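Fold and contact review
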Amino acid sequence: MAVLSANMLVGSMICSEGCPSFMQMDREPICHRLLRRPRKHLAPVVASRQTCNAGLSHGGTANLWASKHSDLGAIKATGEAGPLHFLHIDDFDKKTILHILQRAKEVKSLIKAGEKSFQPLKGKSLAMIFSKPSMRTRVSFETGFYLLGGHAIYLGPDDIQMGKREDTRDIARVISGYNNLIMARVFGHQDILELAMYSRVPVINGLTDYNHPCQIMADALTIIEHAGKLEGVKIVYVGDGNNIVHSWLRLAAVVPFHFICACPQGYEPDQATVERARSAGLSTVEITHDPKEAVKGADFVYSDVWASMGYKDEAPHRMQQFKGFQVDEALMSLAGPQAHFMHCLPAERGVEVTDGVIEAPYSIVFPQAENRMHAQNAIMLHVLGL
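The shown structure was predicted, so the numbers you read here are calculated from the model rather than taken from an experiment. (Residues numbered from 1 in each chain as written. Predicted model: local features only at pLDDT ≥ 70, side-chain atom pairs only at ≥ 80, totals over all residues. Heavy atoms only, no water.)

Re the overall build of the chain
Where we set the bar: In DSSP terms, a helix is any run of H or I states spanning at least four residues, a strand is any run of E spanning at least two, and both are numbered starting from the N terminus. Categorising residues by exposure relies on relative accessible area from a 1.4 Å probe, with only protein chains included: less than 20% of the type maximum marks a residue as buried, more than 50% marks it as exposed, and the intermediate range marks it as partly exposed. Contacts were defined at the residue level, with two residues in contact if any of their heavy atoms lie within 4.5 Å. A 1.4 Å probe and the Shrake-Rupley method give the accessible areas. Residues count as covered only by the protein chains that appear here.
Along its length, the chain carries 13 helices and 11 strands. Relative to its 386 residues, the chain shows a buried fraction of 56%. Long-range pairs, those at least 24 residues apart, make up 71% of the contacts in the chain with a sequence separation of at least 6. For the chain, the computed accessible surface area is about 15,800 Å², with 52% contributed by carbon and sulfur atoms.

A look at the nonpolar core
Which entries qualify depends on this criterion: Definition of nonpolar core: a set of buried residues of the types Ala, Val, Leu, Ile, Met, Phe, Trp, Tyr and Cys, connected through side-chain atoms within 4.5 Å.
Counting residues in hydrophobic clusters, the biggest one holds 58 residues, and the most contacted among them are Ile204, Trp248 and Leu251. Residue contributions to this core peak at 8 residues, all from helix α6 (residues 213-227). Setting aside residues no more than four positions away along its own chain, tryptophan 248 makes contact with Ile216, Asp219, Ile223, Ile235, Phe257, Phe259 and Tyr302. In terms of nonpolar packing, the next biggest core, distinct from the first, is built from 23 residues, Ala294, Ala298, Val357 and Ile358 among them.

Observations regarding the layout of surface pockets
Take a probe with the size of a water molecule and roll it over the atoms, and the empty space left behind shows itself. Using the following cut-off: For each structure, a 1 Å grid was placed over the protein atoms alone; sets of points admitting a 1.4 Å probe that cannot get out are labelled cavities, open sets with protein on both sides within 12 Å along at least five of seven lines are labelled pockets, and lining residues have an atom within 4 Å of a point. Grid points are joined across faces, edges and corners, and a volume is the space filled by probe spheres set on the points. Note on residue classes: Ala, Val, Leu, Ile, Met, Phe, Trp, Tyr, Cys and Pro are nonpolar, Asp, Glu, Lys and Arg are charged, and everything else, Gly too, is polar.
What the second largest pocket holds in volume is close to 350 Å³. Lining the second largest pocket are 23 residues; nearest its centre among them are Arg185, Leu207, Asp304, Leu345 and Pro346. Sort the elements by how many residues they give to the lining of the second largest pocket and helix α3 (residues 135-147) lands first, with 3 residues. Taken together, the residues of the lining of the second largest pocket sort by class into 10 nonpolar, 6 polar and 7 charged.

Some remarks on the sheet that holds strand β4 (residues 151-155)
In a beta sheet, neighbouring strands are held together by backbone hydrogen bonds and run either parallel or antiparallel to one another. The test is simple: Between any two strands, pairing holds if DSSP finds at least two bridges. Where helices are involved, their axes are fitted lines through C-alpha atoms of the stretch in contact, as for all axes, and angles between N-to-C directions lie from 0 to 180°.
The strand order β4-β3-β5-β6 describes an open sheet built from 4 strands, whose pairing is parallel. Looking along the sheet, the strands with just one partner apiece sit at the ends: β4 and β6 (203-207). Going from strand to strand, the sheet's axes swing by 20 degrees on average, the running direction of each strand aside. Judged from the 4 bridges that link them, strand β5 (residues 181-185) and β6 form a sheet pairing that is parallel. By the bridge assignment, arginine 185 is partnered in β6 with leucine 207. Those strands touched by helix α13 (residues 365-383) are β3 (125-130), β5 and β6, and its axis lies near 155 degrees from that of β6.

A few points about the environment of methionine 162
One can find methionine 162 in the loop between β4 and α4 (168-178). Residues methionine 162 and aspartate 191, 29 residues apart in the sequence, show an inter-C-alpha distance of 7.7 Å. Sequence-distant contacts of methionine 162, that is, excluding residues within four places in its chain, are made with Ile129, Ser131, Thr168, Ile171, Val186, Asp191 and Leu195.

Let's talk about the pattern of salt bridges
For clarity, the cut-off: For this analysis, a salt bridge means a side-chain nitrogen from Lys or Arg found within 4 Å of a carboxyl oxygen belonging to Asp or Glu.
The final tally for this structure, using the stated rule, is 16 salt bridges. The residue glutamate 142 makes a salt bridge to arginine 138 at a minimum N-O spacing of 3.0 Å. Highlighted residues: glutamate 142 and arginine 138, both in helix α3, separated by 4 residues, approximately one helical turn. The partly exposed category is assigned to arginine 138, whose relative accessible area is 32%. The salt bridge involving arginine 318 is made with glutamate 314; its shortest N-O contact spans 2.8 Å. Classification of glutamate 314 by relative accessible area gives partly exposed; the value is 26%. Taken together, the salt bridges that share partners define one network made up of Asp90, Arg250 and Arg276.

A look at the sheet that holds strand β9 (residues 284-288)
The sheet built from 5 strands is open, its strands ordered β9-β8-β7-β10-β11 with parallel pairing. Lying at the two open borders of the sheet, with one neighbouring strand each, are β9 and β11 (340-343). For this sheet the average axis-to-axis angle between neighbouring strands, irrespective of direction, equals 20 degrees. Looking at chain direction, strand β10 (residues 300-303) and β11 are connected through 4 bridges and run parallel. By the bridge assignment for β11, phenylalanine 300 is matched with histidine 340. Across the sheet, α6 touches β7 (234-238), β10 and β11, and the angle it forms with β10 is around 155 degrees.

A closer look at the pairing of β7
Selection rule: Call a crossover right-handed when, viewed with both strands pointing away from you, the route from the first strand across the helix to the second goes clockwise.
A large share of β7 lies buried, amounting to 5 of its 5 residues. Burial along β7 is two-sided: Lys234, Val236 and Val238 and Ile235 and Tyr237, pointing in opposite directions, are all buried. For β7 and strand β8 (residues 258-262), the ladder comprises 5 bridges, and the chain directions are parallel. Bridge pairing in β8 links tyrosine 237 to cysteine 261. This β-α-β element, β7 to helix α7 (residues 243-252) to β8, shows right-handed connectivity.

Some points on the packing of aromatic side chains
The line we're drawing: Two rings belonging to Phe, Tyr or Trp (six-membered ring only in the last case) form a pair when the distance between their centres is within 6.5 Å. Interplanar angles under 30 degrees mark stacking, angles over 60 mark edge-to-face geometry, and anything in between is tilted.
Enumeration over the complete set of coordinates arrives at 9 aromatic pairs. Between phenylalanine 130 and tyrosine 154, the ring centres sit 5.2 Å apart and the planes meet at 40 degrees, which makes this aromatic pair tilted. Here phenylalanine 130, found in strand β3, pairs with tyrosine 154, found in strand β4; they are 24 residues apart in sequence, far enough to count as distant. In textbook terms, an aromatic cluster arises when at least three aromatic residues are bridged by ring pairs, as seen for Tyr237, Trp248, Phe257, Phe259 and Tyr302.

Written out as structure tokens, the structure is:
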């Protein structure tokens, strides 16, 4: 459930149903209009208690749910009143994020060295919920959990249909009774939040339409390995202002660096998430429509598909809208010899990035992909307190 945060609703109001909504010039609250037409810029984050919950994933149709008896205060990243979840990067402070990344480096070294005695997850099980399929997410979580001594269980779209065949809250209670940890890769952000609300064990966000925190932790680990640091680097993302961008913005609210999103007009990231990053006062955050100017002096140039899963029907239209936003050899040349290329994969070669860029010496997409496993191993150990 994509949920609004009370401290994010500057100039907010409460509708007749008790649902927080952005102040509008007209008299109808936004939460009511969300039911009828798509809206693009509504950031789903954890809400305060005693409110209804309205939300929208980037570029999609509104998914409104409300439960006056739901205790949203139970969704915590601190673990003070229950399990420690990993839902958004900025649920954690800088010290904790850097600690997890350092742990990832250490555990990666053990695995690379062939160390077999390090089995912190022995006797533990991970339930992996996939409403949205993915090769990298499944293999990295399943292999990582196994290498650390545990057993992972795959639950695909045909095995579990959250909110359709069974209520998400019921699924959370049942699965958390069998397993030590839940990872879920879903479409609506509301699903991951509701899982966390009712789960008795830690829940890890494997991806939602709103954000992808595990990917950005892997990216941060990769950047540290290649630049020696994360703080102060210049990262330029070229493409759609999607869930990857939202996660970079939320990391920018915790760790200081220079982040630029170069995207076509109309495909900007969620404005509230942009303001969240800027208001933290740590990072330089820019949104631009000029990729050539943006990449100059970049340490890392980042790309993603122009039409993510769930938006493939928009691909022909987006091909026209995204002209000039392909990362090719000329764009990388503008960035400079220090620049590395990153992509969260899968890539559509010849569309958002050329084959030559992916295969170039400055491309680090495959070490980046491998680091999904190592970053996630550290995240799992952290939320389990191991």
